[in-house]
Amino acid sequence: MRILLVEDEHKVAQFIRKGLQQDHFAVDLAADGEEALFLAESGQYDLIILDLMLPKVSGLSVLSTVRKQNPNVPILILTAKASVEDRVRGLEIGSDDYLIKPFAYAELRARVRALLRREWRELKLQLQVADLVLDPVKRKVWRSEKEVELSNKEFMLLEYLMRNANQVVTRTMIAEHVWDASFESFTNVIDVYISFLRTKIDKEWERKLIHSVRGVGYMLKDGTQP
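Everything in this summary refers to the structure shown in the same document. A quick note: this is a predicted structure, and the numbers were derived from the prediction, not measured.

On to the side chain of serine 95, then. Structurally, serine 95 is set in the loop between α4 (84-93) and β5 (97-100). Beyond its immediate chain neighbours, meaning those up to four positions away, serine 95 contacts Leu63, Ile75, Ile77 and Gly90.

With that settled, the discussion passes to helix α3 (residues 59-69). Along α3, the residues classified as buried are Gly59, Leu60, Val62, Leu63, Val66 and Arg67. Seen from one end, α3 has its buried residues packed into an arc of 155°, which puts them on one side. Along its buried surface, α3 packs onto α2 (33-42), β3 (47-50), β4 (75-79) and α4.

Turning our attention to the sheet that holds strand β12 (residues 217-220). The strands making up a sheet associate through hydrogen bonds between their backbones, and the pairing can be parallel or antiparallel. If you trace the 3 strands from one edge of the open sheet to the other, you get β10-β12-β11, paired in antiparallel fashion. With one partner strand each, in any of the chains shown, β10 (169-170) and β11 (210-213) form the two edges of the open sheet.

Pairing is parallel in the open sheet, where 5 strands are placed in the order β2-β1-β3-β4-β5. What marks the edges here is a single partner per strand, and that holds for β2 (26-30) and β5. Between one strand axis and the next, the sheet turns by 20° as a mean value, whatever way the strands run. Bridging between β3 and β4 involves 3 bridges; their strand directions are parallel. Bridged to isoleucine 49 within β4 is leucine 76. The strands touched by helix α1 (residues 10-22) are β1 (2-6), β2, β3 and β4; relative to β2, the strand with the most contacts, the crossing angle is about 165°.

We now examine the packing of helix α6 (residues 152-163) against helix α7 (residues 171-179). The geometry of α6 relative to α7 is characterised by a closest axis approach of 10 Å and an angle of 125° between their N-to-C directions. In terms of orientation, α6 lies oblique with respect to α7. The way α6 lies across α7 gives a crossing that is right-handed. Contacts from Lys153, Met156, Leu157 and Tyr160 of α6 reach α7 at Met173, Ile174, His177, Val178 and Trp179. Tallied by class, residues from the contact of α6 with α7 come to 7 nonpolar, 1 polar and 1 charged.

Below, the discussion takes up the pattern of salt bridges. On inspection of all chains with the given rule, the structure shows 17 salt bridges. Of the charged contacts in the structure, one is a salt bridge between glutamate 147 and lysine 140, with a shortest N-O distance of 3.3 Å. Its relative accessible area of 37% is what places glutamate 147 among the partly exposed residues. A salt bridge links aspartate 202 to arginine 143; the shortest N-O distance between them is 3.2 Å.

As defined by bridge partners, β11 adjoins β12 across 4 bridges and the pair is classed as antiparallel. Counted as the bridge partner of histidine 211 is methionine 219 from β12. In sequence, β11 turns back onto β12 through a hairpin of 3 residues, with glycine 215 there showing a positive phi of about 80°.

A few words on the packing of α3 against α4. Where α3 contacts α4, the two axes come as close as 9 Å, and the packing angle between them is 20°. In terms of orientation, α3 and α4 fall into the roughly parallel class. For the pair α3 and α4, the sense of crossing is right-handed. Across the interface between the two elements, Leu60, Leu63, Ser64 and Arg67 of α3 pack against Arg89, Gly90 and Ile93 of α4. For the contact of α3 with α4, the per-class residue count stands at 3 nonpolar, 2 polar and 2 charged.

Time to look at α1. Two residues of an α-helix separated by three or four positions point the same way, owing to the 3.6 residues in each turn. Taking 1.5 Å of rise per residue, the 13 residues of α1 would be expected to cover 18 Å, and the 18 Å separating its terminal C-alpha atoms lies within 8% of that figure. Within α1, burial applies to Val12, Ala13, Ile16, Gly19 and Leu20. In an axial view of α1, the angular spread of the buried residues amounts to 135°, which keeps them on one side of the axis. In α1, the exposed residues that point more than 90 degrees away from the buried face are His10, Lys11, Lys18 and Gln22. Downstream of α1 by a residue or two, histidine 24 has a phi angle that is positive, lying close to 75°.

What counts and how
- Residues numbered from 1 in each chain as written.
- Predicted model: local features only at pLDDT ≥ 70, side-chain atom pairs only at ≥ 80, totals over all residues.
- Heavy atoms only, no water.
- Helix = DSSP H or I, 4+ residues; strand = E, 2+ residues; numbered from the N terminus.
- Contact = heavy atoms within 4.5 Å.
- Buried < 20%, exposed > 50% of the residue type's maximum accessible area, 1.4 Å probe, protein only.
- Arc of directions from axis to C-beta.
- Pairing = 2+ DSSP bridges.
- Axes fitted to C-alpha atoms, helices over the stretch in contact; angles between N-to-C directions.
- Parallel < 35°, antiparallel > 145°, perpendicular 65-115°, else oblique.
- Left-handed = near helix turned anticlockwise from the far one by under 90°.
- Nonpolar A, V, L, I, M, F, W, Y, C, P; charged D, E, K, R; others polar.
- Salt bridge = Lys/Arg side-chain N within 4 Å of Asp/Glu carboxyl O.
- Expected span 1.5 Å × (residues − 1).

Given below as C-alpha cells:
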C-alpha cells in the first residue's frame, strides 16, 4: 500500500515516514503544497496524510483540489490547528479523519489502518487471481488453499501484482510502489524478488501465474487472458 505524506516539518516527516515504512507501507514525502499537488496528480495512492499549514499552497487548498480529482482516496489531516472550526472545515471540505498534533504514532497508525480497512471492505477484502488468494488485513497468502509463507517485501510485491492483475506492470512502477525508490537502483532487486515469488507460488503448480513481458516488466494473470 502506498501513502502520500504531506508535512513540511522535516523531523516530524521523517519520524512518521520511518514508522509507516516499518509497518510495511511505501511512502512518498511532499514538503509543501505545490509538491503535494504534483505527486497526488501524477501518482496513485491508497491514502494521503496531510498537514494544513504548508508553504506555497495551503493544506486546505490541496485537500479541496485532490478531493475534486480523486473523490475516493482516504485523506487524514494531521495538524496543530485544533479549534472546532478548523476540524469542521477540514471534514466538510473532504477529509476522512482529523488528528491533532502533538500525537502518538500508535494513534496515527490505528487511524491509518482504520481508513484502509474501510477502503478494503468497500473494494474487496481479499484479492484473488485463479487459485491464489491474498488477505491484505491478515497478511496471509494461499495457493490452492495451501498457505504460502512470504517475507514482508515479497508480500508487498505480490499484493501490487494482484491489484494490477492481467495488466503489465513495469519495473519502474514496481520500484516506485513497492520499494519507494527509483528504477535505476532497484532493477536487479526486483528481478530477484520476482524469482523468489515464482519459487513460492508457481513452482509447485502446473498453472503458472507470474509471467515476464520481455523488455517491459511482469504480469500476474489468471490464465484466461491471452
